[in-house]
Amino acid sequence: MPGAVIGLDMAAALAMAEALGIDRRAAAEFLPAIEAMMVRAINAQIAAEG
């Protein structure tokens, strides 16, 4: 799918959460749902822009 986001780098997202002081287990629990919403929103914005 050219020009679309298919997912996030979860290792990087967990490292960033840990650096921000967020519990790693909590981040691992919530990141998949957050990722899905972010990917949909980013792809919708890409589609709207052209």
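Refer to the structure above for everything that follows.
A quick note: this is a predicted structure, and the numbers were derived from the prediction, not measured. (Residues numbered from 1 in each chain as written. Predicted model: local features only at pLDDT ≥ 70, side-chain atom pairs only at ≥ 80, totals over all residues. Heavy atoms only, no water.)

**Brief notes about helix H1 (residues 10-19)**
Regarding H1, the residues found buried are Ala-13, Leu-14 and Ala-17. The buried side chains of H1 occupy one side of the element, clustering within an arc of 100 degrees when seen end-on. Exposed side of H1, more than 90 degrees from the buried face: Ala-11, Met-16 and Ala-19 are the residues found there. Where H1 starts, the residue carrying a side-chain oxygen 3.2 Å from the main-chain nitrogen of Ala-11 turns out to be Asp-9. (Buried < 20%, exposed > 50% of the residue type's maximum accessible area, 1.4 Å probe, protein only. Helix = DSSP H or I, 4+ residues; strand = E, 2+ residues; numbered from the N terminus. Arc of directions from axis to C-beta. Polar contact = N/O pair within 3.5 Å; in protein donor to acceptor, adjacent residues only side chain to side chain.)

**Quick look at the environment of Ala-17**
For Ala-17, the location among the structural elements is in helix H1. It is 13 Å that separates the C-alpha atoms of Ala-17 and Pro-32, two residues lying 15 residues apart in sequence. Those residues in contact with Ala-17 that lie beyond four places of it in its chain are Ile-22 and Ala-27. (Contact = heavy atoms within 4.5 Å.)

**Here we look at the packing of H1 against helix H2 (residues 24-49)**
Orientation of H1 relative to H2, taken along the N-to-C sense of each, is 130 degrees, at an axis distance of 10 Å. Between H1 and H2, the interaxial angle falls into the category oblique. Our pair here, H1 against H2, has a crossing hand that is right-handed. Seen from H1, the contacting residues are Met-10, Ala-13, Leu-14, Ala-15, Ala-17 and Glu-18; seen from H2, they are Arg-24, Ala-27, Ala-28, Leu-31, Pro-32 and Glu-35. Of the residues assigned to the contact of H1 with H2, the class counts are nine nonpolar, no polar and three charged. (Axes fitted to C-alpha atoms, helices over the stretch in contact; angles between N-to-C directions. Parallel < 35°, antiparallel > 145°, perpendicular 65-115°, else oblique. Left-handed = near helix turned anticlockwise from the far one by under 90°. Nonpolar A, V, L, I, M, F, W, Y, C, P; charged D, E, K, R; others polar.)

Keep in mind that these numbers describe shape and distance, not what the molecule does.
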